[in-house]
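Observations on the three-dimensional arrangement
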Amino acid sequence: MELPDRHVCYRALQSRDHRFDGFLFVAVTSTGIYCRPVCPARTPKFENCIFFPSAAAAQQAGFRPCLRCRPETAPDMASWRGTSNTVSRALALITDGALDGDGASVEKLAERLGLGERQMRRLFLQHLGASPIAVAQTRRVLFAKQLIHETQMPMTEIALAAGFGSVRRFNEIFRDLFHRPPSALRRKSRASVESAEAGVTLRLRYRPPYDWESMLAYLSARAIPGVEVVEKGIYLRTVELDGFTGSVEVTHLPQRQSLGVTIRFPNVASLPAIVARVKRVFDVGADIETIDAHLSHDPRLALLVARRPGLRAPGAWDGFELAVRAILGQQITVVAARRLAGQLVALHGKPVPPGQAGHPALSHVFPAAQCLALARQIGLGMPLARQASLQALAEAAVADPNLFRPFGTIEEAIVRLRSIRGVGEWTAQYIALRALREMDAFPASDIGLLRGAETIDGNRPSSAQLLSRAEAWRPWRAYAAQHLWAANATTKHNQGELHG
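The following paragraphs examine the structure supplied in this document. (Residues numbered from 1 in each chain as written. Predicted model: local features only at pLDDT ≥ 70, side-chain atom pairs only at ≥ 80, totals over all residues. Heavy atoms only, no water.)

**Section: the overall build of the protein chain**
Along the backbone of the protein chain there are 21 helices and eleven strands. By the compact-globule yardstick of 23 Å for 500 residues, the protein chain fits well, its C-alpha radius of gyration being 23 Å. Residues classed as buried in the protein chain amount to 58% of the 500 residues present. In the protein chain, the share of contacts with a sequence separation of at least 24, taken over all contacts with a separation of at least 6, comes to 68%. Entry remark: accessible area of the protein chain is about 21,000 Å², with carbon and sulfur atoms responsible for 52%. Counting 61 positive and 45 negative side-chain charges, the protein chain places the centres of these two groups 4 Å from one another. (Helix = DSSP H or I, 4+ residues; strand = E, 2+ residues; numbered from the N terminus. Rg over C-alpha atoms; globule rule 2.2 N^0.38 Å. Buried < 20%, exposed > 50% of the residue type's maximum accessible area, 1.4 Å probe, protein only. Contact = heavy atoms within 4.5 Å. Areas by Shrake-Rupley, 256 points an atom, 1.4 Å probe, with all protein chains shown as cover. Lys, Arg positive; Asp, Glu negative; His and termini not counted. Charge placed at Lys NZ, Arg CZ, Asp CG, Glu CD.)

Shown next as structure tokens:
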């Protein structure tokens, strides 16, 4: 990625310009430290500054993270977003741990994305200024640093949670990087010890504006009984990962431009995966100003963007869960789809042990694909063809554990999803948008999108006409879709899971 001119970057640093936070990092040659552009420390001399497009690039060049501005708390902006879908998919996989563990490699990661290892390395250097391995290691270090600063977890648990192979390796890396042991970075003012029931609480920064009300309304309308609860401005849900169960709680901290996340989970090694899912659901990493500005080039769509600044495209907690929701919601209302999902959970979901849910209304985790694939019958009051689609979906998910993870191009992902019985173009595009996080996915045949387009044009377009018009909205058609769904939500025609 090409950064702005060095003088522009330096002016952003001088003015502590929040618009550049997460877009660039400044390394200071006289101190060996790299900072966010909003760092409160004294502004270094221009000739001592080197600007990088990512924390990984600065760290790979030999600089260590600043202890004052804490680069690990910068908005996860990823300046590559919208310029390289391949890098976007690769980073999503790295966040899921694709380069963690003994059997992981850049070659295997590249294969999953349908390209060669050399090409992947070239793309990472072009857009992030660092290699995939450097990005993965920086992610581990910065996540560990955040846990040190914001929690009272023991250092052994932090090492495990951040994905280090051993405590010894964890200590070595921190001593090399900060010239002190990890424990020396912890502030001594907070001596409270976090219990398993209290959970681990972290802050996830976003780039404002953030339309929290719309996000919460979307989640509330679709909250599955027993699995999700939205009350008093807080979202809670049950979690199952690697055989363990727990819960997560998310609230809005507008004064800090952050989300507050409390995780109650017995396996600390699952913390990065849970945090990644929260970021995905709440679309924390969206470059919302750039997206809104691009969509506003369409004068009529600009009216919707101005009405809802900071509108995000909600993601899926789990790809299989989202695909099931989409099939359940075909041809029925959101309320009816939610009721069916609740029945599915009651029939096939695993109960959450007492004390792990965090809320009395949370009782089950969503059924796993293997559970539904082995079920003799689904047992829901819906057409047999649709029940057969659920069974086929579960069998496909069991056969291919990476079915709902980024893989290849968006076109290849759509073809792969459509090969599942009962998954048509409409459903495949929606799964790509919510679960695969393909931000250019666009289910043009959705009746909610067509009605939303009618609110700004005065007449309802055909699917082909809407798809043609959406060409101007690339590469962020998913956000345009969100604005159209939001416009349609003001009408009384809320039929279908995909609307809103």
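**Comments concerning the nonpolar core**
Formed by 117 residues in total, the largest nonpolar core has its most connected members in Phe282 and Phe320. Those residues in contact with Phe320, other than ones at most four positions away along the chain, are Phe366, Pro367, Ala368, Ala369, Leu372, Leu393, Ala394, Ala397 and Phe404. Counting residues in hydrophobic clusters, the runner-up holds 31 residues, among them Val87, Val106, Leu123 and Phe124. (Core = buried A, V, L, I, M, F, W, Y, C linked by side-chain atoms within 4.5 Å.)

**Regarding the layout of surface pockets**
For the second largest pocket, the calculated volume is near 310 Å³. If you go around the second largest pocket, you meet 20 residues; those closest to its centre are Thr31, Ile33, Cys35, Ala41 and Cys66. The set of elements that each furnish at least two residues to the lining of the second largest pocket consists of strand S1 (25-28), strand S2 (33-35) and strand S4 (64-65). Its residues assigned to classes, the lining of the second largest pocket comprises twelve nonpolar, three polar and five charged. (1 Å grid on protein atoms, 1.4 Å probe; cavity = no way out; pocket = protein on both sides within 12 Å on 5 of 7 lines; lining within 4 Å. Points joined across faces, edges and corners; volume = space filled by probe spheres on them. Nonpolar A, V, L, I, M, F, W, Y, C, P; charged D, E, K, R; others polar.)

**Remarks on the sheet that holds S2**
Spatially, S3-S1-S2-S4 is the arrangement adopted by the four strands of the open sheet, whose pairing is mixed. Edge positions in the open sheet fall to strand S3 (49-52) and S4, since each of these has one partner strand only. Here two bridges tie S2 to S4, and the two strands are oriented parallel to one another. Counted as the bridge partner of Ile33 is Arg64 from S4. (Pairing = 2+ DSSP bridges.)

Remember, this is a structural readout, not a statement about activity or role.
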